[in-house]
Amino acid sequence: MSLTLYQRDDCHLCDLAVTVLAAARAGDFASVFIDDDPALEARYGIRVPVLRDAAGRELDWPFDAAGVVGWLGGG
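Every value quoted in this text rests on a predicted model; they were computed, and no experiment measured them. Residue numbers run consecutively from 1 along every chain, following the written order of its sequence. Totals for whole chains, interfaces and linings use all residues, but because this is a predicted model, local features are given only for residues with pLDDT of at least 70 and pairs of side-chain atoms are given and counted only at 80 or more. The side-chain numbers reported here are obtained from all heavy atoms of the structure, hydrogens and water having been left aside.

For the rest of this paragraph, the subject is the sheet that holds strand β1 (residues 3-7). One bridge is not enough; two strands pair if DSSP finds at least two bridges between them. Here a helix means four or more residues in a row that DSSP labels H or I, a strand means two or more in a row labelled E, and each is numbered from the N terminus. Spatially, β2-β1-β3-β4 is the arrangement adopted by the 4 strands of the open sheet, whose pairing is mixed. Every other strand in the sheet has two partners, leaving β2 (30-33) and β4 (58-60) as the edge strands with one partner each. The mean inter-strand angle of the sheet, taken between neighbouring strand axes irrespective of direction, is 20°. Strand direction decides the pairing type here: β1 and strand β3 (residues 50-53), joined by 4 bridges, are antiparallel. Its bridge partner being in β3, T4 is matched across the sheet by R52. Contacts from helix α1 (residues 12-23) reach β1 and β3 within the one sheet, and its direction differs from that of β1 by about 160°. We call two residues in contact whenever any of their non-hydrogen atoms come within 4.5 Å of each other. Structural elements are reduced to axes, namely lines fitted to C-alpha atoms, with helices fitted over the stretch in contact, and the angle between N-to-C directions of any two is expressed from 0 to 180 degrees. Contacts from helix α3 (residues 65-72) reach β1, β3 and β4 within the one sheet, and its direction differs from that of β3 by about 20°.

Structure below.
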């Protein structure tokens, strides 16, 4: 499954999200930093961190390992 984590530089919550993804054993994911992209800034702004899958589903923070596992399973 292809996952993307939208985040910011120097973002404590984003760092926590990376830790949660590791705990959930979510596998590899791409990190996209929105700071220098006006379109991504407009879309995600204060929502980061946001996890997005290949189907376009998005999971907004806050999330925990169990929530990520359920979301990845389609739940």
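There is more to say, and it comes next.
Side-chain rings of Phe, Tyr and Trp, where Trp is taken by its six-membered ring, are said to pair if the distance between their centres is within 6.5 Å; with planes under 30 degrees apart they count as stacked, over 60 as edge-to-face, and otherwise as tilted. Tallied over the entire structure, the rule returns 2 aromatic pairs. When the centroid spacing of 4.3 Å and the interplanar angle of 15° are considered together, the rings of Y6 and Y44 count as stacked. A residue pair is termed long-range when its members are at least 10 positions apart, and Y6 in strand β1 and Y44 in helix α2 (residues 38-44) qualify at 38 residues. You'll find Y6 and Y44 in the same group, each marked buried. The rule is simple: take the accessible area with a 1.4 Å probe, protein chains only, and divide by the maximum for that residue type; under 20% is buried, over 50% is exposed, in between is partly exposed.

Any carboxyl oxygen of Asp or Glu within 4 Å of a side-chain nitrogen of Lys or Arg constitutes a salt bridge here. One pass over the structure, following the stated rule, counts 7 salt bridges. Between D35 and R8 there is a salt bridge, with the nearest N and O atoms lying 3.6 Å from each other. Of the two residues, D35 sits in the loop between β2 and α2 while R8 sits in the loop between β1 and α1, which places them 27 residues apart along the sequence. The partly exposed category is assigned to R8, whose relative accessible area is 22%. Note that R47 and E58 form a salt bridge whose closest N and O atoms lie 2.7 Å from each other. In this pair, R47 is assigned in the loop between α2 and β3 and E58 in strand β4, connecting sequence segments 11 residues apart. Taken together, the shared-partner salt bridges connect R43, R47, R52, E58 and D60 into one network.

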